[in-house]
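# Breakdown of the fold
Here's the letter readout for the chains.
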Amino acid sequence: MVSIDVWNASVDFPIFDAKSRSLKKLALGKVGGKIGSEGRVPIIEALHDINISLRHGDRVGLVGHNGAGKSTLLRLLAGIYEPTRGSSRIQGKIAPVFDLGVGMDPEISGYENIMIRGLFLGMTRKEMEKRVDDIAEFTELGDYLSMPLRTYSTGMRVRLALGVVTSIDPEILLLDEGIGAVDAAFLSKARDRLNDLVKRSGILVFANHSDDMLVELCNTAIWMDEGRVKMHGSLREVVKSYKGRDPYEHLSPETLERIGQSPVLSGNGGE
Ligand SMILES: Nc1ncnc2c1ncn2[C@@H]1O[C@H](COP(=O)(O)OP(=O)(O)OP(=O)(O)O)[C@@H](O)[C@H]1O
């Protein structure tokens, strides 16, 4: 049984080398978590009093302005950060996909990187051996897969990384924005694989700003603001409140067609 439970959790970052002048500027700014200055060491409250309960089938879009706490929340859910106060219990095999390039070694070949990255994301060697041909075909990298990764262009690396990420079987999939930032043409090819990946994951938490990606992959959303959960509800209502417009009225024709073909996703998100 996969589950995510977070109770009254806060995450603070003490900043030991802050300069008072730049601190003042930050405190006046609109973005970022709250900066406390009662003690001698300034503390950024990246997350404050978070309560979240997610179960199998929950596909949550995380929205909020820069510095609102989305990445910190994903890292808390991944177990990378411990709550400074409060507690959390995450049950299930987690695949944290925060940076497509993490776990890649420039000195070894594309094939070897496919294996290493898969192991990093929680797969076994045997499982990856079964998938490697399919990933290789998806990337269209051909003979380049036998060359060291350092000879690849950025786009070629992204193809490889996305090929691996979309081949895994996670129980809890945590996606940071980066994944939406890949080349549009290739992303459109990757969308089916991404959709399948999300469908076979128990729980998805996905930080993203694109209406199209959110509507296609998520059914609920959390709006983060200054380290707090400002709103948690249906995707449509939360995005409407956050952006001030209905996400379903701004979808690309391609997405409309895609969700039309996938009534489960569009039905969930539309309510
Ligand atoms: N390692 C860190 N050390 C200190 N402060 C941090 C650290 N990581 C994040 N913060 C602070 O925590 C707050 C939340 O940052 P976070 O990266 O979670 O926001 P975000 O919503 O993901 O932003 P963005 O949309 O810009 O990526 C910000 O004020 C940021 O300055």
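Residues numbered from 1 in each chain as written. Predicted model: local features only at pLDDT ≥ 70, side-chain atom pairs only at ≥ 80, totals over all residues. Heavy atoms only, no water.

The chain is annotated in an unreviewed UniProt entry as ABC-2 type transport system ATP-binding protein of Saccharothrix variisporea.

### Here we look at the pattern of salt bridges
This model, assessed by the stated rule, comprises 17 salt bridges. Residues Arg 159 and Glu 140 are paired through a salt bridge, measuring 3.2 Å at the closest nitrogen-oxygen approach. Here Glu 140 lies in the loop between helix 4 (125-139) and helix 5 (154-165) and Arg 159 lies in helix 5, a separation of 19 residues in the sequence. The closest approach of N and O atoms between Arg 191 and Glu 216, which form a salt bridge, is 2.5 Å. In this pair, Arg 191 is assigned in helix 6 (residues 184-200) and Glu 216 in helix 7 (residues 211-217), connecting sequence segments 25 residues apart. This pair shows no difference in class: Arg 191 is buried, exactly as Glu 216 is. Through salt bridges that share partners, Arg 191, Asp 192, Glu 216, Glu 254 and Arg 258 make up one connected network. (Salt bridge = Lys/Arg side-chain N within 4 Å of Asp/Glu carboxyl O. Helix = DSSP H or I, 4+ residues; strand = E, 2+ residues; numbered from the N terminus. Buried < 20%, exposed > 50% of the residue type's maximum accessible area, 1.4 Å probe, protein only.)

### Some thoughts on the pairing of strand 4 (residues 59-63)
In terms of burial, strand 4 is largely enclosed, as 5 of its 5 residues are buried. The alternating pattern of strand 4 places Arg 59, Gly 61 and Val 63 on one face and Val 60 and Leu 62 on the opposite face, and all of these are buried. Both strand 4 and strand 8 (residues 203-207) contribute to a ladder of 4 bridges, which runs parallel. Counterpart to Leu 62 in the pairing with strand 8 is Ala 207. Judged from the 4 bridges that link them, strand 4 and strand 9 (residues 220-225) form a sheet pairing that is parallel. By the bridge assignment, Val 63 is partnered in strand 9 with Trp 223. (Pairing = 2+ DSSP bridges.)

### Focus: the side chain of Asp 5
Within the secondary structure layout, Asp 5 lies in strand 1 (residues 3-14). Within the structure, the side chain of Asp 5 is placed 3.1 Å from the side chain of Arg 55, a separation counted as a polar contact. Discounting residues that sit within four places of it in the chain, Asp 5 has contacts with Ile 52, Ser 53, Arg 55, Ser 87, Ser 88 and Arg 89. (Polar contact = N/O pair within 3.5 Å; in protein donor to acceptor, adjacent residues only side chain to side chain. Contact = heavy atoms within 4.5 Å.)

### Let's talk about the sheet that holds strand 3 (residues 43-55)
Ordered in space as 2-3-1-5, the 4 strands form an open sheet in which the pairing is antiparallel. Of all strands in the sheet, those with a lone pairing partner are strand 2 (34-36) and strand 5 (85-91), marking the two edges. Strand-to-strand twist of the sheet, defined as the mean angle between neighbouring strand axes without regard to direction, takes the value 35 degrees. Sitting on the sheet, helix 2 (residues 70-77) is in contact with strand 1, strand 3 and strand 5, with an inclination near 120 degrees to strand 1. (Axes fitted to C-alpha atoms, helices over the stretch in contact; angles between N-to-C directions.)

### Quick word on the pairing of strand 1
Here 9 bridges tie strand 1 to strand 3, and the two strands are oriented antiparallel to one another. In the sheet register, Asp 5 faces strand 3, and the bridge partner there is Ser 53.

### A closer look at the nonpolar core
If you look at the biggest cluster of nonpolar residues, it comprises 49 residues, and the most contacted ones within it are Ile 114, Leu 160, Leu 173, Leu 204 and Leu 235. Looking at this core element by element, the count peaks at 7 residues for helix 5. When residues no more than four places from it in sequence are discounted, the contact partners of Leu 160 are Met 104, Gly 110, Asn 113, Ile 114, Thr 139, Leu 141, Leu 145, Leu 149 and Tyr 152. One finds Val 2, Leu 62, Leu 76 and Val 205 within the second-largest nonpolar core, a separate group that totals 25 residues. (Core = buried A, V, L, I, M, F, W, Y, C linked by side-chain atoms within 4.5 Å.)

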